[in-house]
Amino acid sequence: MSPYAWIETSLKTIRRANWYRSTQTIYSCSGAVVVLEGQEVINFASNDYLGLASDQRLIAAAVNAAREFGTGSTGSRLLSGQRLLHKELEQAIASFKQTQDAIVFSSGYLANIGAIVALVGKRDLILSDQYNHSCLKNGAILSGASIIEYPHCDIEFLRNQLSIQRQNYRRCLIITDSVFSMDGDLCPLPELLDLADEFSCMLLVDEAHATGVFGESGAGCVEHFGCTGRELIQMGTLSKALGSLGGYITGSTALIDFLRNRAPSWIYTTALSPADTAAAHAAIEIVRNEPQRRMQLWQNVEYLKQLTQKYLPNFKILPCSSPILCIQLANVTDALKVGKHLKAAGIFAPAIRPPTVPTSRIRITLMATHKDVHIEKLVEVLRNM
Ligand SMILES: *Cc1c(COP(=O)(O)O)cnc(C)c1O
């Protein structure tokens, strides 16, 4: 028997559990309406919260950077990969987040892995929210630290564990999404910061879905909760509301300097491409200068919430405080059925199911560029199911 035969067997098991996934292709520019596998659909599946991924200014910035500096950055940051564009972007992020310095990675996934691995090791403890994103979980595993997964947002459990366990470890790191990516709720950031202070722990907060979306200036949940300036490690991505590609860590000068010396997923990988770097920088300027985009996004969130309360009383909507709204379904089969029905009716809102999340759901993400008619159509299709 071939040593690879188990792969076919494993695929069959995945299919039997209804866990099998495959890709779908979009044939148009990103936006509120896209062409999905030949069908025009209203897009409720995108992380492009502000509609910046198709903004002409980002496109121009990317094109100009590619013309001037080429397509690839040709090396790692510490060797030949750095351009002035990278340093300018990092300064822009630090200024946006009101921190001392920032470092950009080739993706958000790599940012979390690199930071966690650099900050803790075998003698240390990580406390991780059970609903954290895959890259926080895998970063924790890779670090070799002891890991305690705490029940979702359970501050009392966390306090209890810290009072028992903290003394047995050298360093302690609490890691959490600020906006939970598959649920749309927020972490109790002020309480987490207080706990971190009390038990002398570091706190890493993942602002992937908050950057550009939350806070007066769009800086994220840290700003939203009034925690700007408090000592912590903030991670975010350039690939969601900022419409580009890449991730960042921002914090104190010492922290960032340390990561430049110790984060393997930054040191041993090629620097972000000139086009992605320039597009992300252009996006930060727009986020700062055009709060009306964020306001429109939040108006859309309110409108959808209103309509669901009025017309969809039979659906179980998960409590959410973000542009991510989830409809909870009894099981995988139901979730897939609703997802298919929506798609047939011209709505792109995918079913999210185990193992990504513990319970099956339809996940709807809103954008500033959705029109009222798009939201009305979504609710109408769900109502007539
Ligand atoms: C998307 C996401 C990431 C990864 O960011 P990428 O830039 O796409 O690699 C990390 N954390 C959370 C919570 C996310 O939703």
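Residues numbered from 1 in each chain as written. Predicted model: local features only at pLDDT ≥ 70, side-chain atom pairs only at ≥ 80, totals over all residues. Heavy atoms only, no water.

## Things to note about the packing of aromatic side chains
How two aromatic rings sit relative to each other is given by the distance of their centres and the angle of their planes.
So, point 1. Under the criterion given, the structure shown has 1 aromatic pair.
So, point 2. Measuring from ring centre to ring centre gives 5.0 Å for Phe 214 and Trp 298, while their planes differ by 75°; the resulting arrangement is edge-to-face. One end of the pair, Phe 214, is in the loop between β7 (202–206) and α8 (221–224); the other, Trp 298, is in helix α12 (residues 291–311), with 84 residues separating them in the sequence.
So, point 3. Using a relative accessible area of 3% as the deciding quantity, one classes Phe 214 as buried.
So, point 4. Here the guanidinium or amino end of Arg 15 rests over the ring plane of Tyr 20, the centre of that ring lying 3.9 Å away. (Phe/Tyr/Trp six-rings, centres within 6.5 Å; stacked < 30°, edge-to-face > 60°. Helix = DSSP H or I, 4+ residues; strand = E, 2+ residues; numbered from the N terminus. Buried < 20%, exposed > 50% of the residue type's maximum accessible area, 1.4 Å probe, protein only. Lys NZ or Arg CZ within 6 Å of the ring centre and 35° of its normal.)

## A word on the pairing of strand β14 (residues 361–365)
So, point 1. Of all the 5 residues making up β14, 5 are buried; the element is thus mostly covered by neighbouring parts of the structure.
So, point 2. By the alternation rule, side chains of β14 split into Arg 361, Arg 363 and Thr 365 and Ile 362 and Ile 364, which are all buried.
So, point 3. Bridge count between strand β11 (residues 324–328) and β14: 5 bridges; the pairing is antiparallel. Note that in β14 the partner of Cys 326 across the bridge is Arg 363.
So, point 4. Across 2 bridges, the pairing between strand β13 (residues 351–352) and β14 is antiparallel. Looking at β14, one finds that Ala 351 is bridged to Ile 362. (Pairing = 2+ DSSP bridges.)

## Section: the site of the ligand
So, point 1. Taken together, 15 residues sit near the ligand, with Gly 108, Asp 206, His 209, Thr 237 and Lys 240 positioned nearest.
So, point 2. In this structure, an oxygen atom belonging to the ligand sits 3.0 Å away from a side-chain N or O atom of Ser 239.
So, point 3. The separation between an oxygen atom of the ligand and a polar side-chain atom of Lys 240 is 2.6 Å.
So, point 4. Here the ligand, which alone exposes 380 Å², has 86% of that area covered by the protein.
So, point 5. Contributing elements (two or more residues each) for the shell around the ligand: α4 (108–119) and β8 (233–237).
So, point 6. Within the shell around the ligand, the residues separate by chemical class into 4 nonpolar, 8 polar and 3 charged. (Near = heavy atom within 4 Å. Polar contact = N/O pair within 3.5 Å; in protein donor to acceptor, adjacent residues only side chain to side chain. Areas by Shrake-Rupley, 256 points an atom, 1.4 Å probe, with all protein chains shown as cover. Nonpolar A, V, L, I, M, F, W, Y, C, P; charged D, E, K, R; others polar.)

## Structural notes on the nonpolar core
So, point 1. Judged by nonpolar contacts, the single largest core of 65 residues is most densely connected at Leu 238, Leu 342, Ile 362 and Ile 364.
So, point 2. The greatest single-element share of this core, amounting to 8 residues, is contributed by helix α11 (residues 274–289).
So, point 3. The residues that make up this core include at least three from each of domain 1 (21–49 + 291–383) and domain 2 (56–289).
So, point 4. Once you skip the residues sitting within four places of it in the chain, Ile 362 turns out to touch Leu 325, Cys 326, Ile 327, Leu 329, Ala 335, Val 338, Gly 339, Leu 342, Ala 349, Pro 350 and Ala 351.
So, point 5. One finds Leu 119, Ile 126, Ile 175 and Met 235 within the second-largest nonpolar core, a separate group that totals 24 residues. (Core = buried A, V, L, I, M, F, W, Y, C linked by side-chain atoms within 4.5 Å. Domains from an automatic or database assignment. Contact = heavy atoms within 4.5 Å.)

## Concerning unusual backbone geometry
So, point 1. In this model, Pro 354 is joined to Pro 355 through a cis peptide bond whose omega is 10°.
So, point 2. Turning to its location among the elements, Pro 355 is positioned in the loop between β13 and β14.
So, point 3. With phi around 60°, Cys 153 is a residue other than glycine that occupies positive phi space.
So, point 4. Residue position: Cys 153 is located in the loop between β5 (146–150) and α6 (155–165).
So, point 5. A relative accessible area of 22% places Cys 153 in the partly exposed class.

## Examining the domain arrangement of the protein chain
So, point 1. Taken domain by domain, the protein chain holds domain 1 (21–49 + 291–383) and domain 2 (56–289).
So, point 2. Of the residues lining the interface, 23 residues belong to domain 1; the matching set on domain 2 comes to 25 residues.
So, point 3. Counting each side, the surface lost to burial between domain 1 and domain 2 is near 1600 Å², with a carbon and sulfur contribution of 56%.
So, point 4. For the domain 1 face of the interface with domain 2, the top three residues by lost area are Asn 47, Tyr 49 and Arg 294, together amounting to 31%. (Buried area = accessible area lost by both parts, 1.4 Å probe.)

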